[in-house]
Amino acid sequence: MESILTVEQLSVSFTRYSRGLARTELSAVRDLSLTVEPGRVTALVGESGSGKSLLAHAILHLLPRNAQVSGTLLYDGAPLTRDRAETLRGREIALIPQGVTWLDPMMKVGPQVRRGRVDAASRARCREVLDRYGLGPQVEELYPFELSGGMARRVLIACAVMERPRLIVADEPTPGLDVRTAKRILGHFRELAEEGAGVLFITHDLELALTVAHKLVVLYEGQTVEELSPTRFRAGEGLAHPYTRALWHAIPENNFL
Amino acid sequence: MLHRLQFTAKKLVRMALLLLGVSLTAFLLMDASPLDPLQTNVGQAALGAMSPDQVAKLEDYWGVNTPAAERYLGWLSSALRGDLGTSLLYRRPVLEVVGQRLGSSLWLLLFAWAASGALGLAFGLIAGTHRGRWPDRLIRGFCLTLSSTPSFWLALLLLMVFAVWLEVLPIGLSVPIGAAAESVTLAQRLRHALLPALTLSVTGLSNIALHTREKVADVLDSDYILFARARGEGHILRRHVLRNVALPALTLQFASIGEIIGGSVLVEQVFSYPGLGQAAVSAGLGGDMPLLLGITVATAALVFGGNLAADLLYGVIDPRIRRGAART
Ligand SMILES: Nc1ncnc2c1ncn2[C@@H]1O[C@H](COP(=O)(O)OP(=O)(O)O)[C@@H](O)[C@H]1O
Ligand SMILES: [Mg+2]
């Protein structure tokens, strides 16, 4: 299948100036490769600090100035340059961030979802997407601090689907939610994929990833070390890297086999 | 609504206590002053030529022989009835003197207050959005220099440049010398207020600019700005940065009232500007207790009123306080 996003040998490093002119190169992501296909959920699993958010920000060209990036990024078959990313952001490529701190604390939900637009079409679309996630008209009048954790995630998803994106990058959208709410949120990702979008679901929670993903990519210290289907992972088949095997053993039921 | 009323009531009680404390402190300080009101106001030579009878009358007028506690309580009880007494120097009711002086200071204070707020906010926004680059470094350098410059020194410098060398602005007073009050035009008043107002606005400016810069920097580093960029939003500065910087800026602005009034004492002195600050200096040096207490209480009330306005506005504007409190 033709992929919507291809990442090849991406590396991200930071230059630090320590003591005088001594420059140290801190390499945070090395050799990260993965693909995201339309209609499928690709889960990127890695522990905290393994470089997952850096990948998300690299795709959107949102890395800080002092970051050096190399490698290939292709979107829809063509290089994803900064200019192209800037025109695609918020239209074809959407980020779903972690939580309520990504909403402006001083702005009501409605104008935030609409990005300030006031025309009838935007209002209708906003109503439609909020409705879809079970958020009534009164939610548009709330400020972020008045939202529960689950509501905030649904608002963030609504923000992402306002423009019918073709690629959705969800960076750890579930921490702090109870299992039922988290499962429901994941169901929404699966739904978006079924409607044709490519979904990159980034998480440190392997079990959650297994419940939703069509494909599992394992990230370890800035490198992709494994790519396989959840079914094969569950069965413990073809686990090439020691880290993946450790992950597999960490799942309680596998220790009794 | 109820909690807002309670909040205001609590603040007003605190204000009453504060005014009491401030007036008592001013009274005690003045009472402990080594300046003898008779010698400063009547003069050593004239005093020597007077009969003991006359001296005793003068001593009565300046309240030299009345015990301190009695004098303060006397002042307090008539003040509570709305009578702030009569100025010993001007021989007019204190309220009238304070009102007139405040009237002539008001434009100075208002201009300085508005200018320092507007310029401070603008400088802070420019510096904060250009962090580390030359506009930021220029503005920070400027602000740090200004905040380490005493305002009376700056006043003298401006006087020398604009009034003495360039001779484009008057050297002092609030109206042209010798002009009849009715013939003074607004333009003339503005010309006379320009230098003192400029000096005064500089006192508050750097504080506001530097704080605004920090806040802008924090906001620009926030997750919600990154998200706005991730969604391809335009007008991020207006839509998100200004919105989040406005509140702290407003609080700073109201809190700076005290600084401006305090600064006006020195600045009016340097420019011989006949305002409240100058009257405070004459009252203090001349042993005019009723006037000094009147001015102290009036300015303390102004400063407190400014802070109260900031608190109330915060509650009205910040949704986290407005709605958060409404629900509890
Ligand atoms: N701006 C930065 N400067 C220096 N190092 C950074 C910066 N941002 C991230 N890093 C480093 O890159 C690594 C990966 O970060 P991140 O992608 O946020 O991890 P995570 O997988 O938890 O999302 C971390 O070890 C972090 O220290
Ligand atoms: Mg992260």
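Look up a bit, the structure's there.
Report on the accompanying structure. Only a predicted model underlies this, so the values are computations on that prediction, with no experimental measurement involved.

Reading the values: rules and limits
Residues numbered from 1 in each chain as written. Chains lettered and ligands numbered in written order. Predicted model: local features only at pLDDT ≥ 70, side-chain atom pairs only at ≥ 80, totals over all residues. Heavy atoms only, no water. Helix = DSSP H or I, 4+ residues; strand = E, 2+ residues; numbered from the N terminus. Buried < 20%, exposed > 50% of the residue type's maximum accessible area, 1.4 Å probe, protein only. Contact = heavy atoms within 4.5 Å. Areas by Shrake-Rupley, 256 points an atom, 1.4 Å probe, with all protein chains shown as cover. Lys, Arg positive; Asp, Glu negative; His and termini not counted. Charge placed at Lys NZ, Arg CZ, Asp CG, Glu CD. Salt bridge = Lys/Arg side-chain N within 4 Å of Asp/Glu carboxyl O. Core = buried A, V, L, I, M, F, W, Y, C linked by side-chain atoms within 4.5 Å. Near = heavy atom within 4 Å. Polar contact = N/O pair within 3.5 Å; in protein donor to acceptor, adjacent residues only side chain to side chain. Axes fitted to C-alpha atoms, helices over the stretch in contact; angles between N-to-C directions. Parallel < 35°, antiparallel > 145°, perpendicular 65-115°, else oblique. Left-handed = near helix turned anticlockwise from the far one by under 90°. Pairing = 2+ DSSP bridges. Buried area = accessible area lost by both parts, 1.4 Å probe.

### Overview of the overall build of chain B
- Secondary structure summary: chain B contains 14 helices and 0 strands in total.
- Walking chain B from its N terminus toward its C terminus, one meets helices and strands in the order α-α-α-α-α-α-α-α-α-α-α-α-α-α.
- Looking at chain B residue by residue over its 328 residues, the buried ones come to 41%.
- Expressed as a percentage of contacts within chain B between residues at least 6 apart in sequence, the contacts between residues at least 24 apart total 74%.
- Accessible area for chain B stands at about 17,200 Å²; split by element, carbon and sulfur atoms hold 68% of it.
- Between the centroid of the 27 positive side chains of chain B and the centroid of its 21 negative side chains there is a distance of 15 Å.

### Looking at the pattern of salt bridges
Residue and element names in this part refer to chain A.
- Taken as a whole and assessed by the stated rule, the structure comprises 24 salt bridges over all chains.
- Linking Glu 163 and Arg 115 is a salt bridge whose minimum nitrogen-to-oxygen distance equals 2.8 Å. Taken together, the residues Glu 163 in the loop between helix 5 (149-161) and strand 7 (167-171) and Arg 115 in the loop between helix 3 (109-113) and helix 4 (120-132) connect sequence positions 48 residues apart.
- In this structure Arg 115 comes out as buried when scored by relative accessible area, which is 10%.
- When salt bridges with common partners are traced through the structure, they connect Arg 114, Arg 127, Asp 131 and Glu 140 into a single cluster.

### Some points on the nonpolar core
- One finds Phe 189 and Phe 233 of chain A to be the most contacted residues of the largest nonpolar core, which totals 92 residues.
- At 9 residues, helix 5 of chain A tops the list of elements feeding residues into this core.
- Look past the residues within four positions of Phe 189 of chain A in its chain and what remains in contact with it is Val 41, Ile 96, Ile 157, Ala 170, Pro 173, Val 199 and Phe 201 of chain A.
- In terms of nonpolar packing, the next biggest core, distinct from the first, is built from 28 residues, Leu 159, Ala 163, Leu 169 and Tyr 273 of chain B among them.

### Some remarks on the site of ligand 1
Residues and elements named next belong to chain A.
- Neighbouring residues of ligand 1: 13 residues in total, closest Gly 49, Gly 51, Lys 52, Ser 53 and Leu 54.
- Here an oxygen atom of ligand 1 and a backbone polar atom of Gly 51 are 3.1 Å apart.
- The protein chains hide 67% of the 560 Å² of surface that ligand 1 would expose on its own.
- Secondary-structure elements contributing two or more residues to the shell around ligand 1 are strand 1 (5-17), strand 2 (23-36) and helix 1 (52-59).

### With respect to the side chain of Ser 264 of chain B
Residue and element names in this part refer to chain B.
- Within the secondary structure, Ser 264 is located in helix 11 (residues 236-270).
- For Ser 264, a relative accessible area of 4% corresponds to the buried category.
- Not counting residues within four places of it along the chain, the set of residues in contact with Ser 264 comprises Leu 109, Leu 200 and Gly 277.

### Notes on the packing of helix 6 (residues 94-129) of chain B against helix 13 (residues 289-317) of chain B
Residues and elements named next belong to chain B.
- Closest axis-to-axis distance for the helix 6/helix 13 pair is 9 Å, and the angle between their directions is 50 degrees. Between helix 6 and helix 13, the angle falls in the class oblique. The interaxial crossing formed by helix 6 with helix 13 has right-handed handedness. Between helix 6 and helix 13, the residues in contact are Val 94, Val 97, Val 98 and Leu 102 and Pro 290, Leu 291, Gly 294, Ile 295, Ala 298 and Leu 302, respectively.

### With respect to the environment of Pro 64 of chain A
Residue and element names in this part refer to chain A.
- Mapped onto the elements of the fold, Pro 64 is located in the loop between helix 1 and strand 4 (67-75).
- By relative accessible area, Pro 64 is classed as partly exposed at 42%.
- Distance from Pro 64 to Gly 116, taken between C-alpha atoms, is 26 Å for residues 52 residues apart in sequence.

### A few points about the pairing of strand 10 (residues 223-228) of chain A
- As judged from the 5 bridges shared by strand 9 (residues 215-220) of chain A and strand 10 of chain A, these two strands associate in the antiparallel manner. Residue Val 218 of chain A lies in a different strand from strand 10 of chain A, and its bridge partner there is Glu 226 of chain A.

### Structural notes on the sheet that holds strand 10 of chain A
Residue and element names in this part refer to chain A.
- Strand order in the open sheet made by the 6 strands is 6-7-8-3-9-10, with mixed pairing throughout. This sheet does not close on itself; its edge strands, each paired only once, are strand 6 (93-96) and strand 10. Across the sheet, the axes of successive neighbouring strands diverge by a mean angle of 20 degrees, strand direction being ignored.
- The strands touched by helix 6 (residues 179-194) are strand 3 (41-45), strand 6, strand 7 and strand 8 (198-203); relative to strand 8, the strand with the most contacts, the crossing angle is about 155 degrees.

### Some thoughts on the interface of chain B and chain A
- In this assembly, 22 residues from chain B lie in contact with 28 residues from chain A.
- Across the interface of chain B and chain A, roughly 2,400 Å² is buried in total on both sides, 58% from carbon and sulfur atoms.
- Together, Phe 227, Arg 231 and Arg 323 of chain B form the three largest contributors to the area buried by chain B at its contact with chain A, with a combined 29%.
- Between chain B and chain A we count 0 salt bridges in total.
- Linking chain B with chain A are 10 residue pairs in polar contact (both at pLDDT 80 or more), by the criterion used here.
- Elements that contribute at least two residues to the side of chain B that touches chain A include exactly helix 10 (223-230), helix 11 and helix 14 (319-327) of chain B.

### Section: the environment of Ala 209 of chain A
Residues and elements named next belong to chain A.
- Checked against the element boundaries, Ala 209 lands in helix 7 (residues 206-212).
- Its relative accessible area of 0% is what places Ala 209 among the buried residues.
- Linking Ala 209 and Thr 42, residues 167 residues apart in sequence, is a C-alpha distance of 8.8 Å.
- With near-sequence residues (within four places) excluded, Ala 209 lies in contact with Ala 43, Val 45, Phe 201, Thr 203 and Leu 216.

### Concerning unusual backbone geometry
Residues and elements named next belong to chain A.
- At Arg 164, a residue that is not glycine, the phi angle is positive and equals roughly 50 degrees.
- As for its position among the elements, Arg 164 is in the loop between helix 5 and strand 7.
- Of note, the phi angle at Glu 172 is positive, near 45 degrees, even though the residue is not glycine.
- By relative accessible area, Glu 172 is classed as buried at 12%.

### Quick look at the sheet that holds strand 2 of chain A
Residues and elements named next belong to chain A.
- If you walk across this open sheet you meet the 4 strands as 2-1-4-5, and the pairing is antiparallel. With partners counted over all chains shown, the strands left at the sheet margins are strand 2 and strand 5 (78-79), one partner each.
- As paired elements, strand 1 and strand 2 share 10 bridges and run antiparallel to each other. Considered in strand 2, the bridge of Leu 10 is made with Leu 32.
- Contacts from helix 1 reach strand 1, strand 2 and strand 4, with the element oriented near 110 degrees to strand 1.

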